[in-house]
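Next come the chains, spelled out residue by residue.
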Protein chains: 2
Amino acid sequence: MSEVTFYFDFSSPYGYLAAERMEAFESRVGVTVTWRPFMIGAAFKQTGQSPLLSQPIRGTYFRHDMERCARLQNTPFHIPENFPYAALVPTRAFYWLESRSPMLARKFAKDIYRGYFADGLDMANPENVFAAASRHSINVSEMRAAVENQRWKDHTRTVTEEAISLGAFGSPFFFYEDEPFFGNDRLEQLAQWISLRKETAGSQSD
Amino acid sequence: MSEVTFYFDFSSPYGYLAAERMEAFESRVGVTVTWRPFMIGAAFKQTGQSPLLSQPIRGTYFRHDMERCARLQNTPFHIPENFPYAALVPTRAFYWLESRSPMLARKFAKDIYRGYFADGLDMANPENVFAAASRHSINVSEMRAAVENQRWKDHTRTVTEEAISLGAFGSPFFFYEDEPFFGNDRLEQLAQWISLRKETAGSQSD
């Protein structure tokens, strides 16, 4: 059973930093995390926000903050040349792959993030997305077809609408039960919250 | 010598939450913190931001987040009725008082914050500000005069301009040497940073 839902956009720096911490988080906290890429641009339309790094004054700080956060958590990180991009292709590919193998989909997601933020690959170019898939035992021609298939286009839109309706206005955004947590910098609090909730549940069942 | 500068606005919820943690932070990390109230509204004009709680969708989340953060750090907290307010009077009073006694100014600042966010006092009403001062051995008639004195009006403006020129676009905002940290949720990282810097300085002087 999934206990934490992890909404993120493949173009989100803090989403990448959170993704890199997710395995350690799961084993430390003792929860299962479901990965849910979505299209953050649709959320920005609702909130009237612009991408963080394009905001005057704040953009300068947050670029510095991302680089510092990455360094302190030992994650290779550079803002790519074509930042940000609309990550439709990797998002559709993710959901197609997840319908086959959730574990493989997660590996693929990490590769997409690392390719973009660590290796500077242009993930707006579908060929780089397919190249990431080809490193695993994934049928790339099926993936090519899937990202053009209406089913996965619709699924991407549905997940995005669902995320926004739950209140996910940024990336990363986490839910535990109905409790929302925004940002890579809320992972510690999420861990604390889960631990408190489990204590409560434990004492109630005594 | 002051090592950390703590910029905050007296109307800022996360500034209040940080202020409540400041003494424990100082003794744990082994640094001195200089308190610098400033007028966040002037910074918002530069960045084009609006107050967090008035932003669509985000406002709902951040209200919840503030309340959760307060609960998890055991700080009494409610969003006051007249939230936010332009905290000119307490800011001027702070700097006048600081010129007499920095320690007393800090106690006064904590009282202003607690009066507003814990006790629901309307701090836009100068009488509530003076009442907070009267609990300490502060000459209230001198404070009344000081908040109308051009010197402390100018000083408040100067500190605000300085904060903005350093890049402080929100509250709380911290600097250690030239390194900027935004938010109550960066206090742990600030502590980590200071510890790493001291290690580096220590190994260089060996």
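Overview of the structure. In this text the structure is predicted, and so the values were computed from the model without any measurement.

### Some words on the sheet that holds strand β4 (residues 179-182) of chain A
Argument step 1. Spatially, β2-β1-β3-β4 (chain A) is the arrangement adopted by the four strands of the open sheet, whose pairing is mixed. With partners counted over all chains shown, the strands left at the sheet margins are β2 (33-37) and β4 of chain A, one partner each. In this sheet, adjacent strand axes meet at a mean angle of 20° when their direction is disregarded.
Argument step 2. By the bridge criterion, four bridges tie strand β3 (residues 173-176) of chain A to β4(A) in an arrangement that is antiparallel. Along β4(A), the bridge assignment pairs Phe174(A) with Phe181(A).
Argument step 3. Where helix α1 (residues 13-29) of chain A meets the sheet, its contacts fall on β1 (4-8), β2 and β3 of chain A, and the angle it forms with β2(A) comes to roughly 165°.
Argument step 4. Strands β3 and β4 of chain A of the sheet are contacted by helix α3 (residues 58-72) of chain B, whose axis makes an angle of about 95° with β4(A).

### What to know about the interface of chain B and chain A
Often the size quoted for an interface is simply the accessible area lost on bringing the parts together.
Argument step 1. Contact residues are listed per partner, giving 29 residues for chain B and 29 residues for chain A.
Argument step 2. Both faces considered, chain B and chain A share a buried interface measuring about 2,700 Å² in area, 58% of it formed by carbon and sulfur atoms.
Argument step 3. Of all residues in chain B, the largest losses of buried area upon contact with chain A belong to Arg58(B), Tyr61(B) and Leu72(B), amounting jointly to 22% of the total for that side.
Argument step 4. Our enumeration of links across chain B and chain A arrives at six salt bridges.
Argument step 5. Of the charged contacts in the structure, one is a salt bridge between Asp65(A) and Arg186(B), with a shortest N-O distance of 2.7 Å.
Argument step 6. Where chain B packs against chain A, one counts 14 residue pairs in polar contact (both at pLDDT 80 or more).
Argument step 7. Taken together, the elements giving at least two residues each to the side of chain B that touches chain A come down to α2 (40-47), α3, β4 (179-182) and α9 (187-205) of chain B.
Argument step 8. Among the elements that take part in the side of chain B that touches chain A, α3(B) stands out by supplying nine residues, more than any other.
Argument step 9. Here the side of chain B that touches chain A is composed, by residue class, of 14 nonpolar, eight polar and seven charged.

### A few points about unusual backbone geometry
Argument step 1. Following Ser171(A), the chain continues into Pro172(A) via a peptide bond in cis, with omega recorded as 0°.
Argument step 2. Along the chain, the position of Pro172(A) falls in the loop between α8 (150-166) and β3.
Argument step 3. At the junction of Phe83(B) and Pro84(B), the peptide bond is cis and its omega measures out at -15° in the coordinates.
Argument step 4. Residue position: Pro84(B) is located in the loop between α3 and α4 (88-100).
Argument step 5. Residue Ile57(A) is not a glycine yet carries a positive backbone phi of 70°.
Argument step 6. Position of Ile57(A) relative to the elements: it lies in the loop between α2 (40-47) and α3 (58-72).
Argument step 7. Overall, Ile57(A) belongs to the partly exposed group, its relative accessible area being 30%.
Argument step 8. For Asn74(A), which is not glycine, the phi dihedral falls at a positive 60°.

### Structural notes on the state of the cysteines
Argument step 1. Taken as a whole and assessed by the stated rule, the structure comprises zero disulfides over all chains.
Argument step 2. The thiol sulfur of Cys69(A) is not disulfide-bonded, and the nearest other cysteine sulfur, from Cys69(B), lies at 16 Å.
Argument step 3. By relative accessible area, which is 8% here, Cys69(B) ends up buried.

### Looking at the packing of aromatic side chains
Residue and element names in this part refer to chain A.
Argument step 1. If you walk through the whole model with that rule in mind, you get 58 aromatic pairs over all chains.
Argument step 2. With centroids separated by 5.5 Å and ring planes inclined at 65°, the aromatic side chains of Phe10 and Tyr113 adopt a geometry described as edge-to-face. Here Phe10, found in the loop between β1 and α1, pairs with Tyr113, found in helix α5 (residues 102-117); they are 103 residues apart in sequence, far enough to count as distant. Tyr113 carries the same exposure label as Phe10, and that label is buried.

### Notes on the sheet that holds strand β1 (residues 4-8) of chain B
Residue and element names in this part refer to chain B.
Argument step 1. Spatial strand order, β2-β1-β3-β4: four strands in an open sheet with mixed pairing. This sheet does not close on itself; its edge strands, each paired only once, are β2 (33-37) and β4. Between one strand and the next, the sheet's axes are offset by a mean angle of 20°, whatever the strand orientation.
Argument step 2. Sheet analysis places β1 next to strand β3 (residues 173-176), joined by four bridges and oriented antiparallel.

### Notes on the pairing of β3(A)
Argument step 1. Covered by surrounding structure in β3(A) are Phe173(A) and Phe175(A) together with Phe174(A) and Tyr176(A), the residues of both alternating faces.
Argument step 2. Counting the residues in the hairpin turn of β3(A) and β4(A) gives two residues, including Glu177(A), whose phi is positive at 55°.

### Digging into the pattern of salt bridges
Two side chains that carry opposite charge are able to pair once their charged atoms sit near each other.
Residues and elements named next belong to chain A.
Argument step 1. By the definition in use, this model includes 32 salt bridges over all chains.
Argument step 2. Among the salt bridges present, the one from Glu23 reaches Lys110, with a minimum N-O distance of 3.0 Å. One end of the pair, Glu23, is in helix α1; the other, Lys110, is in helix α5, with 87 residues separating them in the sequence.
Argument step 3. Residue Arg28 is joined to Glu188 by a salt bridge in which the shortest nitrogen-to-oxygen separation is 3.5 Å. On the criterion of sequence distance, the pair formed by Arg28 in helix α1 and Glu188 in helix α9 (residues 187-205) is long-range, its members being 160 residues apart.

The rules we used
- Every chain is numbered on its own, with residues counted from 1 as its sequence reads.
- Each chain is given a letter, starting from A, and each ligand a number, starting from 1, according to the order in which they appear as written.
- Residue-level local features of this predicted model are given only where pLDDT is at least 70; pairs of side-chain atoms are given and counted only at 80 or more, and the full residue set underlies all totals for whole chains, interfaces and linings.
- Water and hydrogen atoms play no part in the side-chain values, which are based on all heavy atoms of the structure.
- At least two DSSP bridges between two strands are required for those strands to pair.
- Counting from the N terminus, the helices are DSSP H or I runs at least four residues long and the strands are E runs at least two residues long.
- Here, axes are lines fitted to C-alpha atoms. For helices the fit covers the stretch in contact, and angles between N-to-C directions go from 0 to 180 degrees.
- Contacts between residues were defined by any pair of non-hydrogen atoms, one from each residue, lying within 4.5 Å.
- Two parts placed together each lose some accessible area under a 1.4 Å probe, and adding up what both lose gives the buried area.
- Think of a salt bridge as a Lys or Arg side-chain nitrogen and an Asp or Glu carboxyl oxygen that are within 4 Å of each other.
- The definition of a polar contact used here is a pair of N or O atoms within 3.5 Å, where within protein one atom must be able to donate a hydrogen and the other to accept one, and adjacent residues in sequence count solely through side-chain atom pairs.
- Any residue that is not Ala, Val, Leu, Ile, Met, Phe, Trp, Tyr, Cys, Pro, Asp, Glu, Lys or Arg is counted as polar, Gly included; the first ten are nonpolar and the last four charged.
- When accessible area is computed with a 1.4 Å probe and restricted to protein chains, residues below 20% of their type maximum are described as buried, those above 50% as exposed, and intermediate ones as partly exposed.
- The disulfide criterion used throughout: a pair of cysteine sulfur atoms within 2.5 Å.
- Any pair of Phe, Tyr and Trp rings, taking the six-membered ring for Trp, is counted once the centres come within 6.5 Å. Such a pair is stacked with planes under 30 degrees apart, edge-to-face with planes over 60 apart, and tilted for the rest.

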